[in-house]
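One letter stands for each residue in the lines below.
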Amino acid sequence: MSTPAPSPELTELARAHGVATEYWDWQGNHVVVSESTIVAVLAALGVDASTGDRARAALEAAELRSWRQVLPPVVVCRQGWTPWVPVHLDDGASVQVWLTLEGGGRREVRQVDRWVESRQVDGRAVGEATFEIPGDLPLGWHTLHARLEGGAVTTPLVVTPTRLTLPAALTGDHRAWGLMTQLYSVRSRRSWGVGDLADLGDMAAWAAADLGADFVLVNPLHAAEPVAPMEPSPYLPTTRRFVNPIYIRVEDIPEVAYMSAAERQFLEWHGDDARALNESDTIDRDAAWEHKQVALRHVFHQPRSARRERAFAAFCDREGQGLVDFATWCALADRLGLPWTEWPEELRDPRGEAVARMHHDIAEDVQFHRWLQWVVDQQLEQVQHDAREAGMALGVVHDLAVGVHPEGADAWGLADALARDVTVGAPPDQYNQMGQDWSQPPWRPDRLEALGYAPYRDMLRTVLRHAGGIRVDHVIGLFRLWWVPAGKAPSEGTYVRYDHEALVGILALEAHRAGALVVGEDLGVVEPWARDYLKERGILGTSILWFEKDEGGAPLPAERYRELCLATVTTHDLPPTAGYLAGEHIDLRESLGLLTRPLEEERAADEAARAEVLEVLHERGLLREGGSPHEVIEALHRFLSWTPARLLGVAVPDMTGDRRAMNQPGTDEEYPNWRLPLADGNGKPVLLEDLMASRWARRLARCVAQR
C-alpha cells in the first residue's frame, strides 16, 4: 500500500530543514516518506510539527531565523570567491564590518549597493545590509566582525581550497599502491593480544622496503570505551577525535627504559599474559586492555624529564577543553562504569557544577587519560615518520568513521551538537535488503553550523595530524544522511541534508594543511552529481572491482575506471577475495537471515556476476582457462594495474589466503564482527612475522606494483 503524501505545510517545513519527504530507492522506485517519520525527524532537529498549527508556527520561525541574527553563524567560501554576507540590524541603523585574519592583520569589508526590503521581526523593523568578502583572502579560519550601536558581534569566516591538489608523489603519471589492513587483527609475537602501533610501523617498513608500497590504509583508530566491554567495531567509536590507547606499544614509551629491574619485571608479567592471547582465534580486546592499562598506569607514575614534561603540557594546551572533557568522561567511566546515561543525573552534563566538583576526586585519573592520548599521539607520529623514511610516498592513511556510539564520550561531551531519538543508517540496497541501523546519533546540521563547525574541524585535525591521507567512510554523509527515528525499522527512515559545501570545504582545508590526500568511500546509493562534486573538489572516490559496471551492467573495462579513485578488489564489508570467489558471502547472509529473495536465486545472480568478471580476465589474457584460485586472485589484481586509478589497494587478508569476512553489515552478536585476527585459508591465525616472510604476499604485491 502506498504511503499518503505529507501535507503541503509539513512538506515545506521539512524542506526548510533539509528533511526529505520523498526519494528514489536503489531499484529506481519513487518512495514517499511517511508523515510520522517526517515529524519524528523534525522533532530530533528541535522542530515541533506534531500538529498543523505547530507546523505552521515552526515554518514562520524558520523563515525569520536568519533575520533574528546580525551575522550568519558561520561563513564558508572557497579561495577566490567573493560571497555576499547579509547583516541584519535595526532598520535605518549603520554598521561597520571588517575581518581579522587567522595569521594576523585586518581587512576592511565593503558594503554592496543592494536594497532589501525591511521586515517586522518580533515587533521591530529589521533591515538587511549586504557586504562583499574580498576575493584575495588566504586559506584559513578568519573572523568577521560587525560593530553596531549596541555593540560588536563576530562570526567565523572559513576560506577553503577550490580544489585539493594531490601530493607531489602523485603528480604527472605517478600513482601509488599500498596495503589495507585492520590493525588490531595484525598481531606480532610482541603484541599484547591486539595489533598495535609498533606492528603498524614494522608492517609499513616491510611493505615499503621489500614490496615498494607507498601507503598503509588502516581501520579507524578512534577511541573505544576505557572499561569493559569494549565495543569491537572501529566504526562505532566513543569519539572520533581521540585515539584508542589499546594501540600503544608499552615497551616503546621512553620512561620504560629508566624503570628498575623489578618494575620492568612487573611489566613483563602482564606482557607475557597478554601475549598469550595471540594464540586465540578471536580478538579479546577486554583481556588485552586489562593487562595493558595496568602496565600503562604503572608507567604513567614514572618520573618524566623536564623536556618530556614540557612536551606533555604543550600537548594538553593544544588539545584544550576537548581533551579535558574526553579524559573526564573516561575517568568517570573508570569510577562509575558505563553507560553514562545511568550515572547520577547531575553528572550527565559536562558543564554542570557536579562534574566540576568531581574533578578534585578524579584529577589523577583525568591526567592519566590525557597522558594516554599524548603517548599514542607520539607513537603515531613516529610510525608516520618511519614509514616516510622507509620510502613510502604517503605513509599511513587513516580512516574516519561515519559517527559515534550513542552512549560514548562524544554523546556526553558534544550532546548539544548531536540529534536525539534518531540514529544513522542506510536504506535498503542490494547488499542489505532490509536496510541498516548503525545506532549512531548524527550531527545536527543546524547546531554544527551554530558552533562554527569547530567540533568537526577539531576531529579532522586529530585524524590528519600524522597522516599521508584520510579515507572518509560513507563520504556521502557529508551531503545527506539516512536518519532512522527511534522505534522504526531502518527502511522507515529518510534523508537529512547537510551543507556539503562547508563540510567538504573544511575537509579539504584541513587535509591541505596536513599535506594529505582524501579518499571518499562513495559506494552504495549515491546521487551522481555528488560524485561529480567530489571530483571537482579533488576528493578521490572508491572503486571496488566487483561493483564497477558500465551503463549496460557489464563489468567496467579497466581503461574506463576513474583516475581519481582508490581501486581495490575487495573491501572490509566483503569476504577476502578467496572467500568471495567461493560465494561465502551469500551463504553467510543466508545463514543470518539477511536475504529477501530465495537462496538459489541470490546465489545464481552472484555466480553470474562473478562469471562475467572472470570472463573479462580470460578475454584480456590475464587468466588461463582452469586457472587456480591463486591465479584468479593474481589476475584480478593485475587487472587493477591496467586502470588509470591513482591509488591501488591490496587487502592484507588476500596476502594470507584468509576467507572469512571481517564484518557482515546488518549484524551484531550474530557474527564475530571486527573480532577476527589475520588468518590463513583454514582460519589459523597468522602473525606479522609470518606475513613478512610470505612468498605469496610478494607475488601478489608485484601484480599491482608494476603497470
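Brief notes about the environment of valine 109
Piece 1. By secondary structure assignment, the location of valine 109 is in the loop between strand S6 (106-108) and strand S7 (110-112).
Piece 2. Judged by relative accessible area, valine 109 falls into the buried class, the value being 7%.
Piece 3. Distance from valine 109 to lysine 292, taken between C-alpha atoms, is 55 Å for residues 183 residues apart in sequence.
Piece 4. In this structure, valine 109 is in contact with Val97, Trp98, Leu99, Phe131, Glu132, Ile133, Pro134 and Leu144, ignoring residues within four places of it in sequence.

What to know about the packing of aromatic side chains
Piece 1. Under the definition given, this model contains 14 aromatic pairs.
Piece 2. Relative to phenylalanine 639, the ring of tyrosine 561 lies with its centre 6.1 Å away and its plane at 70°, an arrangement referred to as edge-to-face. Here tyrosine 561, found in the loop between strand S21 (541-544) and strand S22 (565-568), pairs with phenylalanine 639, found in helix H17 (residues 629-641); they are 78 residues apart in sequence, far enough to count as distant.
Piece 3. Looking at phenylalanine 639, the relative accessible area reads 5%, which means it is buried.
Piece 4. Grouping aromatic residues by their ring pairs yields a cluster made of Tyr23, Trp482 and Tyr495.
Piece 5. One residue, arginine 457, lies across the ring of tryptophan 141, its end atom 4.8 Å from the ring centre.

Structural notes on the sheet that holds strand S3 (residues 75-78)
Piece 1. Judged by pairing direction, the sheet is mixed, and its 5 strands sit side by side in the order S3-S11-S10-S5-S6 without closing on themselves. On the outer flanks of this sheet lie S3 and S6, each paired with one strand and no other. Neighbour to neighbour, the strand axes of the sheet diverge by 30° on average, direction disregarded.
Piece 2. By the bridge criterion, 4 bridges tie S3 to strand S11 (residues 151-160) in an arrangement that is parallel. The residue of S11 that forms the bridge with arginine 78 is threonine 160.

What about the side chain of serine 694?
Piece 1. Residue placement: serine 694 occurs in the loop between helix H19 (688-692) and helix H20 (695-705).
Piece 2. We classify serine 694 as buried; its relative accessible area is 16%.
Piece 3. Side-chain polar atoms of serine 694 contact the backbone nitrogen of tryptophan 696, separated by 3.3 Å.

Structural notes on helix H12 (residues 500-514)
Piece 1. Along its 15 residues, H12 runs 21 Å from first to last C-alpha, staying within 8% of the 21 Å computed at 1.5 Å per residue.
Piece 2. With 11 of 15 residues buried, H12 lies mostly within the body of the structure.
Piece 3. Every buried residue of H12 is listed here: Glu501, Ala502, Leu503, Val504, Gly505, Ile506, Leu507, Ala508, Leu509, Glu510 and Ala511.
Piece 4. Residue aspartate 499 occupies the N-cap position of H12, its side-chain oxygen lying 3.2 Å from the main-chain nitrogen of glutamate 501.
Piece 5. Phi turns positive one or two residues past the end of H12, at glycine 515, with a value near 70°.

Some details on the nonpolar core
Piece 1. Ranked by size, the top nonpolar core spans 206 residues in total, and within it Met203, Trp371, Trp483 and Met655 carry the most contacts.
Piece 2. If one sorts the elements of this core by residue count, helix H8 (residues 353-389) sits on top with 14 residues.
Piece 3. The residues touching tryptophan 371, leaving out its near neighbours within four places in the chain, are Ile253, Leu296, Val299, Phe300, Arg304 and Phe312.
Piece 4. Listed in part, the 14 residues of the second largest apolar core include Leu517, Val519, Leu566 and Leu647.

With respect to the pattern of salt bridges
Piece 1. Under the defined criterion, the tally for this structure stands at 57 salt bridges.
Piece 2. Where glutamate 602 meets arginine 597, a salt bridge forms, and the shortest distance between an N and an O atom there is 2.8 Å.
Piece 3. In this structure glutamate 602 comes out as buried when scored by relative accessible area, which is 5%.
Piece 4. With a relative accessible area of 33%, arginine 597 lands in the partly exposed category.
Piece 5. When the shortest N-O distance is used, the salt bridge between arginine 624 and glutamate 631 registers 3.1 Å.
Piece 6. With relative accessibility at 24%, the residue glutamate 631 sits in the partly exposed group.

Some words on the sheet that holds S22
Piece 1. In space, the 8 strands of this open sheet follow the order S20-S17-S14-S13-S12-S23-S22-S21, with parallel pairing throughout. With partners counted over all chains shown, the strands left at the sheet margins are strand S20 (517-520) and S21, one partner each. Direction aside, the axes of adjacent strands within the sheet are offset by 25° on average.
Piece 2. Judged from the 3 bridges that link them, strand S13 (residues 215-218) and strand S14 (residues 395-400) form a sheet pairing that is parallel. Across the sheet, valine 216 pairs through a bridge with valine 396, a residue of S14.
Piece 3. This element, helix H11 (residues 454-464), spans S14 and strand S17 (469-472) of the sheet and lies at about 150° to S14.

What counts as what
- Residues numbered from 1 in each chain as written.
- Predicted model: local features only at pLDDT ≥ 70, side-chain atom pairs only at ≥ 80, totals over all residues.
- Heavy atoms only, no water.
- Helix = DSSP H or I, 4+ residues; strand = E, 2+ residues; numbered from the N terminus.
- Buried < 20%, exposed > 50% of the residue type's maximum accessible area, 1.4 Å probe, protein only.
- Contact = heavy atoms within 4.5 Å.
- Phe/Tyr/Trp six-rings, centres within 6.5 Å; stacked < 30°, edge-to-face > 60°.
- Lys NZ or Arg CZ within 6 Å of the ring centre and 35° of its normal.
- Pairing = 2+ DSSP bridges.
- Axes fitted to C-alpha atoms, helices over the stretch in contact; angles between N-to-C directions.
- Polar contact = N/O pair within 3.5 Å; in protein donor to acceptor, adjacent residues only side chain to side chain.
- Expected span 1.5 Å × (residues − 1).
- Core = buried A, V, L, I, M, F, W, Y, C linked by side-chain atoms within 4.5 Å.
- Salt bridge = Lys/Arg side-chain N within 4 Å of Asp/Glu carboxyl O.

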